[in-house]
Amino acid sequence: MSKKKILYEGKAKTILEGPTPDTVIQYFKDDATANNAEKHSIINGKGVLNNSISDFLMNRINEIGIPTHYIKKLNMREQLVRKVEIIPVEFVVRNIAAGSILKRLGLKEGRVFSRPLIEHYLKKDELGDPLINEDHIVNFEWATRDELDEMNEYGLRINDFLRGLFLGIGLKLIDFKIEFGRYYSDDGNSILLLADEISPDNCRLWDVSTNHKMDKDLFRQDIGGLKEAYQEVADRLGILPEKKKYSNAKTEIVK
Ligand SMILES: Nc1ncnc2c1ncn2[C@@H]1O[C@H](COP(=O)(O)OP(=O)(O)OP(=O)(O)O)[C@@H](O)[C@H]1O
Ligand SMILES: [Mg+2]
């Protein structure tokens, strides 16, 4: 890890001081946690894979005109991002029933929703990140009504885009969690940026033909094979460096 000052020690990432005051570095660790960190393991290489997957997805999301905190990948485990004031709300977009909603509403895993469902959770580990509604968000001033509308809309656009992107590589996007932050310009005005990461740690992905899980549920549910699944996701996205080198070499031989 760089010899930079640690600003925040998270469960899966460490936030380090960036080269300029308006940037920070996200360092991806190999720690896997579930159930509000009751369950914890180290999975060698997970951080490297998530750094690459999130680098790829954040760049694609930037390209479709959704503003993100993402600047660039610095090395195997670190990426440079714009420093934001994180909005203390986790946005979960669901396409198919899985995870906590099953027990809460008595749903069967795999039920397809007629339209994407947005849920909001308060980012507060001490309270176990409780489900909240839009009235709570506006009333307690976690975000303004306009900010909330904008984040909900970004969430749905990201969902449409990622759903298609993953379907193209044989994966169903079941649901995902995103975070947003306020980025302040010199004049004191703020804009909303998509922050944090997008990786199989915070998306549910099932193989289209087998329905095999290829995300953090492999750890949450003690199924195993998490690293291999994340590697497969990276491979299907075409971002495994070893793979690229191999196919280049092959092309040269054919020529
Ligand atoms: N651009 C950014 N600027 C500042 N903080 C950020 C930025 N992007 C993400 N963060 C915050 O950095 C932390 C990333 O670490 P990690 O994901 O490991 O946290 P965590 O243990 O999951 O805790 P949390 O419950 O707060 O997400 C999160 O708290 C996230 O909200
Ligand atoms: Mg987190």
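This is a predicted model, so every value here is computed, not measured.

1. Structural notes on the site of ligand 1
Right, on to step 1. In the vicinity of ligand 1, 19 residues are found, and the nearest of them are K11, A12, K13, K123 and E179.
Right, on to step 2. V84 places a main-chain nitrogen or oxygen 3.1 Å from a nitrogen atom of ligand 1.
Right, on to step 3. At 3.1 Å from a nitrogen atom of ligand 1 is found a main-chain nitrogen or oxygen belonging to D196.
Right, on to step 4. Burial of ligand 1 by the surrounding chains reaches 88%, relative to a free accessible area of 600 Å².
Right, on to step 5. Secondary-structure elements contributing two or more residues to the shell around ligand 1 are β2 (13-17), β3 (23-28) and β7 (78-82).
Right, on to step 6. Class assignment of the residues belonging to the shell around ligand 1 gives a composition of eight nonpolar, three polar and eight charged.

2. Description of the side chain of E147
Right, on to step 1. Note on placement: E147 falls in helix α4 (residues 145-167).
Right, on to step 2. Leaving out residues up to four positions away in the same chain, E147 has contacts with I87, R182, S190 and L192.

3. Concerning the packing of aromatic side chains
Right, on to step 1. What the rule picks out here adds up to three aromatic pairs.
Right, on to step 2. Judged by centre distance (5.2 Å) and plane angle (40°), the rings of F140 and W142 are tilted.
Right, on to step 3. Through a chain of ring-to-ring contacts, the aromatic side chains of F91, Y154 and F180 assemble into a single cluster.
Right, on to step 4. The ring of F28 has K13 sitting right over it, with the charged end atom 5.8 Å from the ring centre.
Right, on to step 5. Here the guanidinium or amino end of R82 rests over the ring plane of Y183, the centre of that ring lying 5.8 Å away.

Rules and cut-offs
Residues numbered from 1 in each chain as written. Chains lettered and ligands numbered in written order. Predicted model: local features only at pLDDT ≥ 70, side-chain atom pairs only at ≥ 80, totals over all residues. Heavy atoms only, no water. Near = heavy atom within 4 Å. Polar contact = N/O pair within 3.5 Å; in protein donor to acceptor, adjacent residues only side chain to side chain. Areas by Shrake-Rupley, 256 points an atom, 1.4 Å probe, with all protein chains shown as cover. Helix = DSSP H or I, 4+ residues; strand = E, 2+ residues; numbered from the N terminus. Nonpolar A, V, L, I, M, F, W, Y, C, P; charged D, E, K, R; others polar. Contact = heavy atoms within 4.5 Å. Phe/Tyr/Trp six-rings, centres within 6.5 Å; stacked < 30°, edge-to-face > 60°. Lys NZ or Arg CZ within 6 Å of the ring centre and 35° of its normal.

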